[in-house]
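The residues making up each chain are set out below.
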Amino acid sequence: MRTGKRLLEIFCLALLAGMILVPIMQVITRSVFGFSIPGAGELTRFFLICLVFSSYPLAISSGENIEMAELRETLPIKLKRPLYKIIALLSIIACLFIAYAAFFTVLANLNKTTPVLKIPYWVFFSTTFLGFTGAAFMHFRQGLSSPRPKHSISI
């Protein structure tokens, strides 16, 4: 599990680096050399889309996903525990539904590509599928398998 998380972190870091470096190179080539890199905007959007969906399981595993816990935290402990389980179950169902929809979107777009760089659309949708499948696993791991709810901090 730790190796998989580390590989995902490295992959997301590479996507972030690409998302930063491509526009920097575009600015440099326009300013210094007087020409632009064809498809730089498309490649940057590709990195952004892949980064968002690929990093979602990492946000869940580190407890950094956004939650509105004010009402839940005012409940007695006997109600909190089942509520945590229900929330985890609903999160798993939602993530698996989105992964299911992304999977069939991949199948429907196997032959389509982006206009400039000809990146296959299934690459975009595959990161969505993998990200939400990983998110469902993380929700399962954290929510249903833990005996006690984790303490949440709210502002």
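Only a predicted model underlies this, so the values are computations on that prediction, with no experimental measurement involved. (Residues numbered from 1 in each chain as written. Predicted model: local features only at pLDDT ≥ 70, side-chain atom pairs only at ≥ 80, totals over all residues. Heavy atoms only, no water.)

Peer 1: Break down the overall build of the protein for me, with residues and values.
Peer 2: Within the protein one finds five helices and zero strands. Listing the helices and strands of the protein from first to last along the sequence gives α-α-α-α-α. Its C-alpha radius of gyration of 20 Å places the protein more than 25% over the 15 Å reference for a compact globule of 155 residues. Across its three principal directions, the C-alpha atoms of the protein cover 65 × 35 × 30 Å. Expressed as a percentage of the 155 residues in the protein, the buried residues total 29%. Contacts in the protein between residues at least 24 apart in sequence constitute 73% of all its contacts with a sequence separation of at least 6. Accessible surface for the protein amounts to roughly 10400 Å². Of this, 73% is attributable to carbon and sulfur atoms. Considering the protein, the positive charge centre built from 15 side chains and the negative charge centre built from 6 side chains are found 6 Å apart. (Helix = DSSP H or I, 4+ residues; strand = E, 2+ residues; numbered from the N terminus. Rg over C-alpha atoms; globule rule 2.2 N^0.38 Å. Buried < 20%, exposed > 50% of the residue type's maximum accessible area, 1.4 Å probe, protein only. Contact = heavy atoms within 4.5 Å. Areas by Shrake-Rupley, 256 points an atom, 1.4 Å probe, with all protein chains shown as cover. Lys, Arg positive; Asp, Glu negative; His and termini not counted. Charge placed at Lys NZ, Arg CZ, Asp CG, Glu CD.)

Peer 1: Describe the environment of Phe35, and please don't skip the residues or the numbers.
Peer 2: In this structure, Phe35 sits in the loop between α1 (2-33) and α2 (40-61). Apart from the residues within four sequence positions on either side, Phe35 is in contact with Thr29 and Arg30.

Peer 1: I'd love a proper account of the packing of aromatic side chains, names of residues and values included.
Peer 2: The description of an aromatic ring pair rests on the distance of the ring centres and on the angle between the ring planes. In the structure shown here, the tally under the stated rule is 10 aromatic pairs. The interplanar angle of 50° and the centroid separation of 5.8 Å between the aromatic rings of Phe46 and Phe47 together place this pair among those described as tilted. Of the two residues, Phe46 and Phe47, neither departs from the other in class, the shared state being buried. A connected cluster of aromatic rings, assembled from ring pairs, spans Phe46, Phe47, Tyr121, Phe124 and Phe125. (Phe/Tyr/Trp six-rings, centres within 6.5 Å; stacked < 30°, edge-to-face > 60°.)

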